[in-house]
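Coordinate inspection notes
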Amino acid sequence: MVYFSSQFIVKRHPETIRLQMQILSQVPNSYFLIKGLGNLQNTQAIFEQMAEEAGVAANRLRFLPHVPIEEIHRANLGIADVVLDTFPYNGATTTLETLWMGIPIVTKVGQQFAARNSYGMMMNAGITEGIAWTDAEYVEWGIRLGTDAALRQNIAWKLRQSRQTAPLWNAKQFTRDLEVAYEQMWQRYLQ
């Protein structure tokens, strides 16, 4: 079982890392691939300290250097069984890529825009599995998705099907809706 997270170091919060380590501690034979921009040594030290605190062996963590080549990034993402999102700064491009590739994602929803990116994309792709409103739900979803291969396959199937019907993937409709919103804003301004 391979969990994956690819975010800038500044998006990583110690409390979220602790939740991710709780997930790993409850899913036997799981590994966590960690990738992102930032000081790799500092990132590794933080994750290893939190893994030790959670009783997770450091050899279950794998750190991937940032490589600015799209094919390598996608290949790394393709290894993942489940992506563990960051909080309070959710993924954006990474979430979109994850959903397009049919990989389940666990995200925690907050009040601010940056903590709702993944939620908005998942809802607009027709996926509610993996959306957590609390720390406990984040851990529960992480464990459930890590231990239930049938659920992961079902989500992957739903994501492939959503490419034909979901608003997230319909750029023409999005553009039309955005144009209507701009026109409505302009009319309100004029009034």
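All of the points below concern the structure found in this document.

Conventions we followed
- Residues numbered from 1 in each chain as written.
- Predicted model: local features only at pLDDT ≥ 70, side-chain atom pairs only at ≥ 80, totals over all residues.
- Heavy atoms only, no water.
- Helix = DSSP H or I, 4+ residues; strand = E, 2+ residues; numbered from the N terminus.
- Buried < 20%, exposed > 50% of the residue type's maximum accessible area, 1.4 Å probe, protein only.
- Contact = heavy atoms within 4.5 Å.
- Pairing = 2+ DSSP bridges.
- Axes fitted to C-alpha atoms, helices over the stretch in contact; angles between N-to-C directions.
- 1 Å grid on protein atoms, 1.4 Å probe; cavity = no way out; pocket = protein on both sides within 12 Å on 5 of 7 lines; lining within 4 Å.
- Points joined across faces, edges and corners; volume = space filled by probe spheres on them.
- Nonpolar A, V, L, I, M, F, W, Y, C, P; charged D, E, K, R; others polar.

We now examine the side chain of T98. By secondary structure assignment, the location of T98 is in helix 4 (residues 93-100). Exposure remark for T98: the relative accessible area of 0% places this residue in the buried category. What T98 contacts, discounting residues up to four positions off in sequence, is L77, V83, I103, P104 and I105.

Attention now moves to the sheet that holds strand 6 (residues 131-132). Here we have 6 strands laid out as an open sheet, ordered 3-2-1-4-5-6, and parallel in their pairing. Bordering the open sheet on either side are strand 3 (61-64) and strand 6, each of which pairs with just one other strand. Here strand 4 (residues 82-84) pairs with strand 5 (residues 105-108) via 2 bridges, running parallel. The residue bridging V83 from the neighbouring strand is I105, located in strand 5. Across the face of the sheet, helix 5 (residues 117-124) comes into contact with strand 5 and strand 6 while running at roughly 130° to strand 5.

Here the largest pocket defines a volume of roughly 280 Å³. Sort the elements by how many residues they give to the lining of the largest pocket and helix 4 lands first, with 3 residues. Classifying every residue of the lining of the largest pocket gives 4 nonpolar, 7 polar and 3 charged. Estimates place the volume of the second largest pocket at around 230 Å³. Taken together, G120, M121, N124, P167, L168, N170, A171, Q173, F174 and D177 form the lining of the second largest pocket. If you tally residues by element for the lining of the second largest pocket, the top one is helix 8 (residues 171-190), at 4 residues.

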